[in-house]
Amino acid sequence: MAIQFDCPFCTSTLKVPDSTAGKQGDCPRCGTKLVIPNPFAAGTAAPAADTASVTPVPPPVSAPTPPPASQAAEQVPGAPPVDVTAPRPRSSVTAQYLRKRRRSNMGGIILFLFFFSVMAGVAGYFYWTYGLRLEGNLVAARISSEAAKLEQRLNPESAGVSEEVIKTVNQNLLETPRRVQSDLIDMLFYGPEKGGLEVRLKPGAKTQLVRVDLTGDPALMDYISKNGAQLDQPRVAELQASLKNFYTDWNAMIQNQGVLPDLLHYRNTVGLNSLLGGLGYHMEARVNHKIYPCVHEDLNGGLYFLVPKGTLQFNIQGREMENGWTTFPGKYEVQVTQEYESQP
């Protein structure tokens, strides 16, 4: 024989042994403490008790209202587990309670995100107001037309191409130097007598070379000292990859008597990258809303730009990279005040 009855809270049908009649146990579905009905006390042997005769005992947290003391039964430790034979859907009371719990949890998450956003905004405000400020005024000097020349010799042995290919390309450029010329830049690729690849840059027909003195801003020099190596990584990676492609394409042209490689592309990725440093790679000049490149970075805190002839004032700032990011966060107004006496 077994006693069968319904849980008054989750309406699950429960079946327990006769020996548990009148004792207290937990509903295995909703966890509510309840009193197992005793059909023998009423002098009948009904297999199931009416749900109205079941007196629940609420759990200690978030439980329904406890029954009167007169209906409470003796707590029996170690009461046997109740067998759930046919679970039914939760009652409206239980569903409402769970909905309230979910709304409460969601409210806590929203509140946390709100306070996190406020704190992030406050931190950003204080950093912007009192933190590192890479902006201000710098001075620049013109490079005379006689001295306005930048040169760099490249070592292709580290580019990942064979020695035979390097020798073939260098010999070809020694016999026939290649020039990429425009109103902005005049760049020459040639092979010197001692071997290697030489790059030479001069201003174009409508530009002049100016040197911006970065030492006028100690904060900027400190930024370069701390971040120079990291800033230089993408330049070095692009230069190595492009130098390998340069030698591979040039050798293919020589062997197959094919079309000349894209010199404009290699002017930027090989020629300019060989003359630049970490900061210069990320910088550009703006004159009347037009962009002009940084073409060189020396070891004495100087950045070199090609700007239109006669320019007396321009801005320098971080350039937008291919991924859409602008790595350098600063912006400076530059005044061209004098001639630069030393050669770059």
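Located above this text is the structure these notes cover.
Let me sum up the structure you'll find in this document. Keep in mind that what you see is a predicted model, and the values were worked out from it rather than measured.

### Thoughts on helix H3 (residues 218–256)
Here is step 1 of the chain: Relative to the 57 Å expected for 39 residues at 1.5 Å per residue, H3 spans 54 Å between its end C-alpha atoms, a close match to the ideal helical length.
Here is step 2 of the chain: By the N-cap criterion, in which a side-chain oxygen at the helix start approaches the backbone nitrogen of a residue two or three places on, H3 is capped by aspartate 217, the distance to alanine 219 being 3.0 Å.
Here is step 3 of the chain: Following H3 by one or two positions, glutamine 257 has its phi on the positive side, about 50 degrees.

### Points about the nonpolar core
Here is step 1 of the chain: Core analysis: the largest hydrophobic core is formed by 34 residues, its most contacted members being Phe189, Leu201, Phe246 and Tyr247.
Here is step 2 of the chain: Sorting the residues of this core by element identifies strand S9 (150–154), helix H2 (163–175), strand S11 (185–190), strand S12 (197–203), H3, helix H4 (263–275) and strand S16 (302–308) as the ones contributing at least two each.
Here is step 3 of the chain: Tallying contributions element by element places H3 first for this core, with 7 residues.
Here is step 4 of the chain: Residues Leu138, Val210, Val212 and Tyr223 belong to the second largest nonpolar core, which totals 26 residues.

### A short note on the sheet that holds strand S10 (residues 178–181)
Here is step 1 of the chain: Here 4 strands make up an open sheet; going across it, the order is S9-S12-S11-S10 and the pairing antiparallel. Looking at which strands have only one partner, the edges of the open sheet turn out to be S9 and S10. Direction aside, the axes of adjacent strands within the sheet are offset by 15 degrees on average.
Here is step 2 of the chain: Both S9 and S12 contribute to a ladder of 5 bridges, which runs antiparallel. Note that in S12 the partner of arginine 153 across the bridge is glutamate 198.
Here is step 3 of the chain: Where H3 meets the sheet, it contacts S9, S10, S11 and S12, and its direction lies at approximately 105 degrees from that of S12.
Here is step 4 of the chain: Sitting on the sheet, H4 is in contact with S9, S10, S11 and S12, with an inclination near 85 degrees to S11.

### Some thoughts on the pairing of strand S15 (residues 290–297)
Here is step 1 of the chain: Counting buried residues along S15, 6 of its 8 residues qualify, which places the element largely inside the surrounding structure.
Here is step 2 of the chain: Sheet topology places strand S14 (residues 283–287) next to S15; 4 bridges connect them, and they run antiparallel. Within S15, the position partnered with alanine 285 by the bridge is tyrosine 292.
Here is step 3 of the chain: Where S14 folds back on S15, the antiparallel hairpin that results is connected by 2 residues, among which asparagine 288 adopts a positive phi of roughly 55 degrees.
Here is step 4 of the chain: Note: S15 against S16, 3 bridges, orientation antiparallel. Counterpart to cysteine 294 in the pairing with S16 is phenylalanine 305.

### A few points about the pattern of salt bridges
Here is step 1 of the chain: Applying the stated criterion across every chain, the model contains 9 salt bridges.
Here is step 2 of the chain: Across the salt bridge formed by arginine 235 and aspartate 232, the nearest N and O atoms sit 2.6 Å from each other. Taken as a pair, arginine 235 and aspartate 232 lie in helix H3 at a separation of 3 residues, close to a single helical turn. Here arginine 235 and aspartate 232 have matching classes, each one buried.

### Here we look at a nonpolar patch on the surface
Here is step 1 of the chain: Nonpolar side chains collect at one region of the surface, where Ile109, Phe112, Leu113 and Phe116 lie side by side and expose about 450 Å² of accessible area between them.
Here is step 2 of the chain: The partly exposed category is assigned to leucine 113, whose relative accessible area is 46%.

### A short note on the state of the cysteines
What we call a disulfide is simply a covalent bond connecting the sulfur atoms of a pair of cysteines.
Here is step 1 of the chain: Summed over all chains, the structure comprises 0 disulfides.
Here is step 2 of the chain: Free cysteine: cysteine 27, not disulfide-bonded; nearest cysteine sulfur from cysteine 10 at 3.7 Å.
Here is step 3 of the chain: Of all cysteine sulfurs in the structure, the one in cysteine 10 sits closest to cysteine 30, which takes part in no disulfide; the separation is 3.8 Å.
Here is step 4 of the chain: Here cysteine 30 falls in the partly exposed class, since its relative accessible area comes to 29%.

### What to know about the packing of aromatic side chains
Each aromatic ring pair is characterised by the separation of its centres together with the angle its planes make.
Here is step 1 of the chain: Enumeration over the complete set of coordinates arrives at 6 aromatic pairs.
Here is step 2 of the chain: Pairing phenylalanine 246 with tryptophan 250 gives two aromatic rings, centres 5.2 Å apart and planes at 35 degrees, and the pair type is tilted. One end of the pair, phenylalanine 246, and the other, tryptophan 250, are both in helix H3, 4 residues apart, so they sit about a helical turn from each other. Here phenylalanine 246 matches tryptophan 250 in class, with each residue buried.
Here is step 3 of the chain: Their ring planes at 85 degrees and their centres at 5.3 Å tell us that phenylalanine 246 and tyrosine 266 sit as a pair that is edge-to-face. Here phenylalanine 246 is found in helix H3, whereas its partner tyrosine 266 is found in helix H4, with 20 residues between them in sequence.
Here is step 4 of the chain: Judged by its relative accessible area of 0%, phenylalanine 246 falls in the buried class.
Here is step 5 of the chain: A relative accessible area of 4% places tyrosine 266 in the buried class.
Here is step 6 of the chain: One aromatic cluster is present, formed by Phe189, Phe246, Tyr247, Trp250 and Tyr266 through successive ring pairs.
Here is step 7 of the chain: Its end group placed over the ring of tyrosine 281, arginine 319 keeps NZ or CZ at 4.8 Å from the ring centre.

Conventions adopted
Residues numbered from 1 in each chain as written. Predicted model: local features only at pLDDT ≥ 70, side-chain atom pairs only at ≥ 80, totals over all residues. Heavy atoms only, no water. Helix = DSSP H or I, 4+ residues; strand = E, 2+ residues; numbered from the N terminus. Expected span 1.5 Å × (residues − 1). Polar contact = N/O pair within 3.5 Å; in protein donor to acceptor, adjacent residues only side chain to side chain. Core = buried A, V, L, I, M, F, W, Y, C linked by side-chain atoms within 4.5 Å. Buried < 20%, exposed > 50% of the residue type's maximum accessible area, 1.4 Å probe, protein only. Pairing = 2+ DSSP bridges. Axes fitted to C-alpha atoms, helices over the stretch in contact; angles between N-to-C directions. Contact = heavy atoms within 4.5 Å. Salt bridge = Lys/Arg side-chain N within 4 Å of Asp/Glu carboxyl O. Patch = residues over 30% accessible without salt bridge, like charges linked within 9 Å, V, L, I, M, F, W, Y side chains within 5 Å. Areas by Shrake-Rupley, 256 points an atom, 1.4 Å probe, with all protein chains shown as cover. Disulfide = S-S within 2.5 Å. Phe/Tyr/Trp six-rings, centres within 6.5 Å; stacked < 30°, edge-to-face > 60°. Lys NZ or Arg CZ within 6 Å of the ring centre and 35° of its normal.

Everything listed here is a matter of geometry and, on its own, says nothing about what the molecule does.
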